[in-house]
Amino acid sequence: MRRILKDTVRLVTITLIAGVLLSAVYALTKEPIEKAQLEELQSSYRSVFSQAAGFEEISLSAPVELDGYSSTLNSALYALDGENNIIGGVYSVTSHEGYGGDITVSMGVDSLGRITGVLVTSMNETVSLGANCQDEEWLSQFVGISFETGAHSGAQSDGGIDAISGATYTTEAVLDAVNAGLGVAVDDRPLHRRAAPVFGQQGDVEVDAAELRDVQHRLGQDAAVGHHHDQIGGQGL
């Protein structure tokens with residue numbers, strides 16, 4: 001009985017010490033990890049909006065579920081020039097429709113509603129298939145696409161891109177995130193409280209977000225026909 005009691009006390013002591021040590025390690029590493037994550041996000045914003053001299057966070061209650069899309073807005077920032085004027089916006093958007101789960105993109109949109117860059121910052125897609133969504137050459141297709149057409153499968157038309165071979169679900173997930181980001185950029189007046197909204201720099205652009213989604217849907221619907229069939233490993237070819 002005495003031996004059992006001694007072993008129990010020893011086990012409890014070890015557990016308490018381990019708990020204290022883990023808490024200390026967490027406290028020491030929490031700030032550096034958060035700083036590294038912030039620097040990584042800032043780096044992605046600089047990659048997708050290289051013309052910006054800096055960024056200013058837009059105050060919003062994130063994350064925001066975006067109506068009409070299968071995506072969530074994680075954060076939004078103004079892109080600023082050297083004189084602190086707004087020249088566009090950068091957005092972090094997560095699509096929940098990837099083949100392997102969530103796909104998060106950072107994207108920039110200039111003051112005329114044109115995409116300045118797209119970067120996939122997080123994904124868990126199939127190697128050599130959906131994981132190719134991080135390929136710089138493939139992502140470069142999005143540059144210059146505007147809110148007027150939206151992004152959709154089918155490179156033959158305005159706003160069209162070549163789908164990733166063997167990864168229809170991944171392609172559609174990235175498209176959803178990008179179009180959701182464009183939708184936020186166009187219909188961002190509730191988010192942008194400063195005197196000069198993103199699209200007010202070079203003339204106001206009046207766009208109905210619901211109409212934009214309808215146009216994007218109709219453009220992408222025909223292009224997507226024939227893509228949604230079984231593929232190697234479960235995705236569409």
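Residues numbered from 1 in each chain as written. Predicted model: local features only at pLDDT ≥ 70, side-chain atom pairs only at ≥ 80, totals over all residues. Heavy atoms only, no water.

**Quick look at the nonpolar core**
Membership of the largest hydrophobic core comes to 35 residues, with the highest contact counts inside it found for Tyr 91 and Phe 142. Of all elements in the fold, only strand S3 (71-80), strand S4 (86-98), strand S5 (101-110), strand S6 (115-122), helix H2 (136-139) and helix H3 (168-186) reach the threshold of two or more residues within this core. When residues of this core are assigned to their parent elements, the largest contribution, nine residues, is made by H3. In terms of nonpolar packing, the next biggest core, distinct from the first, is built from seven residues, Val 48, Leu 77, Ala 79 and Val 90 among them. (Core = buried A, V, L, I, M, F, W, Y, C linked by side-chain atoms within 4.5 Å. Buried < 20%, exposed > 50% of the residue type's maximum accessible area, 1.4 Å probe, protein only. Helix = DSSP H or I, 4+ residues; strand = E, 2+ residues; numbered from the N terminus.)

**Comments concerning the side chain of Asp 110**
Turning to its location among the elements, Asp 110 is positioned in strand S5. At a separation of 2.9 Å, a polar atom in the side chain of Asp 110 contacts the main-chain amide nitrogen of Leu 112. (Polar contact = N/O pair within 3.5 Å; in protein donor to acceptor, adjacent residues only side chain to side chain.)

**Notes on the pairing of S5**
Most of S5 sits out of view: eight of its 10 residues are buried. Taken together, the nine bridges between S4 and S5 define a ladder with antiparallel strand orientation. Considered in S5, the bridge of Thr 94 is made with Thr 104. As paired strands, S5 and S6 are joined by six bridges and run antiparallel to one another. Counted as the bridge partner of Met 107 is Val 118 from S6. The hairpin formed by S5 and S6 contains four residues between the paired strands, and Gly 113 there has a positive phi angle of roughly 80°. (Pairing = 2+ DSSP bridges.)

**Details of unusual backbone geometry**
Glycine aside, the phi torsion of most residues is negative, and most peptide linkages are trans. In this structure, Asn 84 is a non-glycine residue whose phi angle is positive, near 70°. Take Asn 84: it is sitting in the loop between S3 and S4. Positive phi outside glycine occurs at Ser 128, with the angle close to 70°. The topology assignment puts Ser 128 in the loop between S6 and H2.

**Some remarks on the pattern of salt bridges**
Throughout the structure, instances matching the rule amount to one salt bridge. In this structure, the salt-bridge partner of Arg 114 is Asp 110, at a minimum N-O distance of 2.9 Å. With a relative accessible area of 38%, Arg 114 lands in the partly exposed category. On the basis of relative accessible area, Asp 110 is assigned to the buried category, the value being 11%. (Salt bridge = Lys/Arg side-chain N within 4 Å of Asp/Glu carboxyl O.)

**Quick word on the confidence of the model for the protein**
Taken residue by residue, the protein gives an average pLDDT of 77. The fraction at 70 or more is 66%. Taken together, the stretch residues 189-208 has pLDDT below 50 and engages in 47 contacts with residues farther than four places along the chain or on a different chain. Below a pLDDT of 50 lies the segment residues 218-234, which in the model reaches 30 contacts outside its immediate sequence neighbourhood of four places, other chains included. (pLDDT = per-residue confidence, 0-100. Contact = heavy atoms within 4.5 Å.)

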